[in-house]
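The lines below spell out each chain.
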Amino acid sequence: LQANSRELNSTFGYPNNTIKTSRYSVFNFLPLNLFEQFQRLANAYFLILLFLQLIPQISPLAWYTTVIPLMVVLSITAVKDAIDDVKRHQNDNHVNNRSVLVVMNGRIKEDKWMNIQVGDIIKLKNNQPVTADVLLLSSSEPYGLTYIETAELDGETNLKVKQSISVTSNLEDNLGLLSSFDGKVRCESPNNKLDKFTGILTFKGKNYTLDHDKLLLRGCIIRNTDWCYGLVIYTGPDTKLMQNCGKSTFKRTHMDHLLNVLVLWIFLFLGGMCFILAIGHGIWENKKGYYFQDFLPWEEFVSSSVVSAILTFWSYFIILNTMVPISLYVSVEIIRLGNSFYINWDRKMYYAPKNTPAQARTTTLNEELGQVKYVFSDKTGTLTQNIMIFNKCSINGIIYGYGYDKNGQRVEVSEVKKVDFSYNKLADPKFSFYDNTLVEAMKKGDHWVHLFFLSLSLCHTVMSEEKVEGKLVYQAQSPDEGALVTAARNFGFVFRSRTSETIMVVEMGETKVYQLLAILDFSAVRKRMSVIVRTPEDRVMLFCKGADTILCQLLHPSCRSLRDVTMEHLDDFAFEGLRTLMVAYREVDNAFYQAWSKKHSEACLSLENREDKISDVYREMEKDLMLLGATAIEDKLQDGVPETITTLNKAKIKIWVLTGDKQETAVNIAYACNIFEEEMDGIFIVEGKNDETVRQELRLARKKMKPESLLESDPVNTYLNTKPQMPFRIPEEVPNGNYGLIINGYSLAYALEGNLELELLRTVCMCKGVICCRMTPLQKAQVVELMKRYKEVVTLAIGDGANDVSMIKAAHIGIGITGQEGMQAMLNSDYAISQFCYLQRLLLVHGRWSYNRMCKFLSYFFYKNFAFTLMHFWYAFFSGFSAQTVYDTWFITFYNLVYTSLPVLSLSLFDQDVNETWSLRFPELYDPGQHNLYFNKKEFVKCLVRGIYSSFVLFFIPMRTIHNSVHSDGKEISDYQSFSLLVQTALLCVVTVQIALDTTYWTLISHIFTWGSLGFYFCILFLLYSDGLCLMFPNVFQFLGVARNTLNLPQMWLIIILSVVLCILPVIGYRFLKPLFWPADVDKIMNRIHLWTRHPLLPPTQTKLRHTRPRRSSYAFSHKQGFGALITSGKTMKDKVFKKNSFSFKK
């Protein structure tokens, strides 16, 4: 591409900057939506049925009886899908129509985001989101530096620094130079790697290498930079943000897939019945019908009993179509929509500080929320708030940070007033601390306390900004550093400003300037950083902070007793899940420093083994340190995260953390969140650098968890050795204890390869908790896909940043956290919540209720339709297999549409087996959904058997009891119309009583819908069979006076009651005996709930457990190597700062 050359760039066919998260357009909505809907076998089945009904020779029912319901079903689903997609279009339009400043012909022009093209030069201002992926050209900061926040990409709110190359930073904001800039860029093709970019800029005949540090990604926000200019490299779908969004897929639940299989079964069962009835018809026509043609003449197109049988097959195929009622799918959509509204309306999932309710962004996955087995969670911004708080510290063997009452007894900090920092005019008003003894020590001039906070105010890479006098804003590269410097600031050691050579600190109101001699930068191996400064008293001091495991080895022998005390304090801090650092210092002889400085310069200029030589020089300086103390920082979790994870674990939901953070940090959070527990039997670390090492580590872990899983005789190994055809499922394996596993992204890359993926999956699935760290967004999605491919489980992914989008889209259910970290995760999610703690309510209450309701609905729906349809089968044996219906046509029309629709909807929308309190108190109730116990193929067969039995009873009991029966006046009552009325009334009474038995939570609406529907049947019965209608439309209403004449007979009511009793008695018996003789775990819990409901117990007193687990320490987790070198180079300083500071120093 070439800058400022739209004509040239257009020849390469780059996309414009429009983004699209919607699935449909005006033109493709109808075909694409219909294609998705006809993937449901039932819809395809009814389409075939419609074509059959258009053939008059075989259709006993009019074509519109299928067309109208099919159109209604397709329309309702299409409207729902359209509404969902319109919301996506609105979100897209909002983003695409944002305004941006573009450099055009020496002028600044305002344009919309969607009109930006590759090669344009755009101007971005402070706090403005980046429009596209742009190459940074120049900025208002010196040396072309620009500060950005990448919260929407990775959930991290700490600032990051980008720097333009020197040849373009000289362009500054000169519009003439920017407009004439004609540099050419050759770079890699679009990809989803957020931290990788390579390219070459050719300008004025010279080539300049480009890397990730010179690229501003779409989704970033400009911070603390007045303005910057950038050359657009990637636009719209090519941007790394959109590349990580993945492709929008149509998610379908396990229940949808099961229904497809069951519809196929029903179709085969239906075909079998039609085949039997067609053979019966052929035999009957051959033996009787052939000789009866004077009374029942054959149609002209019927030449033999075989032809008649073939036609009858299709006639019965149409009559028995209610085996798969089309209203099933309409009802399913209505139920899902209703349960989605419950999620949207739940005030207990409303987050007041952000004014954001929970949101069901899709309405098709509700029951799947009740079946989740694995939760894949991001860490930063999802489990944590990414806010670091200075919580406690240990200084010279004295611990500070606990709250004390008037008697000096230690109490909870919530019972103590916050420390008043009003004496310090430069204090941060947001900072909170609860131990006054530390402030008193500061005021008394305690030497060690002063030295401790002086160390914190000097040993860091934080940048300071003071636009208003006394109002300091710190730009920390990691939240940990920001918390430590802010703590020092509040306690009286205020870091005010810095240059490349000096640091200004206000010490207890007195301004002092320290000469910055060197920064011994942080690295992942060193796990520490140091600064060497010259004090105003001309003393050379080294201040060091780092992981205690490292610093303990560098201390002077005289610190042994203080080290032991401090280590005890560190244990206390770690028990509370705090992130710890040790702080030490060393006074350096001036001559020693001069010699060391020479060695340091030589090492930095070395061309061979530079890193190793620098490390050796650092080690010479960082020894014989004097211990000052330790800090304890709280990586603030979101509210209720540990409790939520404990509850989900009780529900046998396994939590995996997939994060881009380093291992140490992720493990700390895992312990703090209760994903890992001290009581675990072991935690395995997989960190192999090649596939063979990774394999050995995984097999060693599996050997400890389940030794027999490595034997050839193991059932899973035996199954895998048969090399089953894909797709196949790996069964669950039960370990001999509770285990955790940690794996890094590098090792995971090997483990996800084809020959190791099953080894990985079998190992991790036996673990209670899994931490995957240093992962790329693509690896997150690959882990989820691996689980979906080989396990028959429901997966849920939850995250808050753009780096979580691919994972969210890959999982069966994707949940986006709405909040300060941007909107990408939410926009691509199925459900949106504001806090992780709402997940337990979403799953254990809404998910479980939705699953239970859907299962009850399907069981009842299939049962009532089997009982309804199979009566035609029995009747065929008594009607010469003539494809005559046993019911009145109006009853067939209204049965699913009117008479039985409202009761089953009330059951599916309002039923609760237990209320929300018990659902959360007993997470074990969630277990049946994970194993799909309430509706599966076995339960379906039970419905079929019950339907066959009920239809048998409902047909033969009335038939045999009214056979040869007469009125009191001697007239027969066993005519077709009376029998039809009797059968349909008995059927409706049976299915009404059945749904009353299924209902466990009665409301006024339930009563009205259930009993009201039965009452409505009798009302409409007398209307349809009234003299007026039958005389006006004799061809449409043919049952003249049947209701009046039949329902006034006592024996008819006795027959109905007998039929109901015989149909319902086995159901009541089974439900009574099953919990007594074959109780499931859920039955035992329900018994306890019923017992406690009758005899309430006092709530258990909650005791706070003190965990005893090994100490874990971690350094600033977002800190990157090389920031110290950037500071000492002077590139971060503006000219005006130099002038201002030099003036103040002289003064």
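Structure: see above.
Read on for a plain summary of the structure. None of these values were measured; they are calculated from a predicted model.

What counts and how
- Residues numbered from 1 in each chain as written.
- Predicted model: local features only at pLDDT ≥ 70, side-chain atom pairs only at ≥ 80, totals over all residues.
- Heavy atoms only, no water.
- Salt bridge = Lys/Arg side-chain N within 4 Å of Asp/Glu carboxyl O.
- Helix = DSSP H or I, 4+ residues; strand = E, 2+ residues; numbered from the N terminus.
- Buried < 20%, exposed > 50% of the residue type's maximum accessible area, 1.4 Å probe, protein only.
- Pairing = 2+ DSSP bridges.
- Expected span 1.5 Å × (residues − 1).
- Axes fitted to C-alpha atoms, helices over the stretch in contact; angles between N-to-C directions.
- Left-handed = near helix turned anticlockwise from the far one by under 90°.
- Contact = heavy atoms within 4.5 Å.
- Nonpolar A, V, L, I, M, F, W, Y, C, P; charged D, E, K, R; others polar.
- Phe/Tyr/Trp six-rings, centres within 6.5 Å; stacked < 30°, edge-to-face > 60°.
- Lys NZ or Arg CZ within 6 Å of the ring centre and 35° of its normal.

## Section: the pattern of salt bridges
Per the counting criterion, the structure on display carries 39 salt bridges. The closest approach of N and O atoms between Lys706 and Glu733, which form a salt bridge, is 3.9 Å. Placement of Lys706 in the loop between α21 (691-705) and α22 (715-721) and of Glu733 in the loop between α22 and β30 (739-744) is noted, with a sequence separation of 27 residues between them. Glu733 sits in the buried class, given a relative accessible area of 6%. A salt bridge links Glu757 to Arg789; the shortest N-O distance between them is 3.0 Å. Of this pair, Glu757 sits in helix α24 (residues 757-765) while Arg789 sits in helix α25 (residues 777-790), and the two are 32 residues apart along the sequence. Where salt bridges share partners, they join Asp346, Lys348, Arg841 and Glu916 into one cluster.

## Observations concerning the pairing of strand β22 (residues 502-507)
One face of the sheet, then the other: side chains in a regular strand alternate in exactly this way. Among the 6 residues in β22, 6 count as buried, and that is most of the element. Note that strand β21 (residues 493-498) and β22 share 5 bridges and pair antiparallel. Along β22, the bridge assignment pairs Arg498 with Ile503. Between β21 and β22, which pair antiparallel in sequence order, lie 3 residues. Two strands pair when backbone bridges link them, and β22 and strand β23 (residues 510-520) are joined in this way by 6 bridges, in the antiparallel orientation. Among the inter-strand pairings, Val505 is bridged to a residue of β23, identified as Lys512. Turn length for the β22-β23 hairpin, with the two strands adjacent in sequence and antiparallel, is 2 residues, and the turn residue Met508 shows positive phi of about 50°.

## A word on helix α38 (residues 1050-1077)
Between the first and last C-alpha of α38 there are 40 Å, a value that for 28 residues agrees with the 40 Å anticipated at 1.5 Å per step. The complete set of buried residues in α38 reads Met1052, Ile1055, Ile1056, Ser1059, Val1060, Cys1063, Ile1064 and Val1067.

## Here we look at the packing of helix α9 (residues 254-287) against helix α33 (residues 937-962)
Interhelical geometry of α9 versus α33 gives an angle of 40° and a closest axis separation of 11 Å. Along this stretch, α9 crosses α33, giving a crossing that reads as right-handed. Contacts between α9 and α33 involve Leu258, Val261, Leu262, Trp265, Ile266 and Phe269 from the former and Lys937, Phe940, Val941 and Leu944 from the latter. Counted by class, the contact of α9 with α33 contains 9 nonpolar, no polar and 1 charged residues.

## Quick notes on the packing of α9 against helix α10 (residues 305-319)
Relative orientation of the contacting elements α9 and α10 amounts to 145°, with a least axis distance of 8 Å. α10 is crossed by α9, and the crossing has right-handed handedness. Of the residues in α10, those touching α9 at Phe267, Leu270, Gly271, Cys274, Phe275, Leu277, Ala278, His281, Gly282, Glu285 and Asn286 are Ser305, Ser308, Ala309, Thr312, Phe313, Tyr316 and Phe317. Class assignment of the residues belonging to the contact of α9 with α10 gives a composition of 10 nonpolar, 7 polar and 1 charged.

## Details of the sheet that holds strand β12 (residues 227-234)
Spatial ordering of the open sheet is given by β2-β1-β3-β12-β4-β10, a layout of 6 strands whose pairing is antiparallel. Edge positions in the sheet fall to β2 (107-112) and β10 (215-216), since each of these pairs with one other strand and no more. Bridge count between strand β4 (residues 133-139) and β12: 6 bridges; the pairing is antiparallel. When the sheet's bridge partners are listed, Ser139 is paired in β12 with Cys228.

## Things to note about the packing of aromatic side chains
Using the criterion set out here, one finds 62 aromatic pairs in the structure. Feature note: the residues Phe873, Trp874, Tyr875, Phe877, Phe878, Phe881, Phe952, Phe955, Phe956 and Phe979 constitute an aromatic cluster, connected by ring pairs. Here Arg98 stacks its cationic end above the ring of Trp113, 5.0 Å away from the centre of that ring. Its guanidinium or amino end placed over the ring of Phe861, Lys864 lies 4.1 Å from that ring's centre, counting from NZ or CZ.

## Quick look at the pairing of strand β5 (residues 145-149)
Most of β5 is tucked away, with 5 of its 5 residues classed as buried. Residue alternation in β5 divides its side chains into two sets, Leu145, Tyr147 and Glu149 and Thr146 and Ile148, and both sets are buried. Relative to strand β6 (residues 159-163), β5 is paired through 5 bridges, and the arrangement is antiparallel. Counterpart to Tyr147 in the pairing with β6 is Val161.

Note that every value here comes from positions in space, so none of it alone points to a role or purpose.
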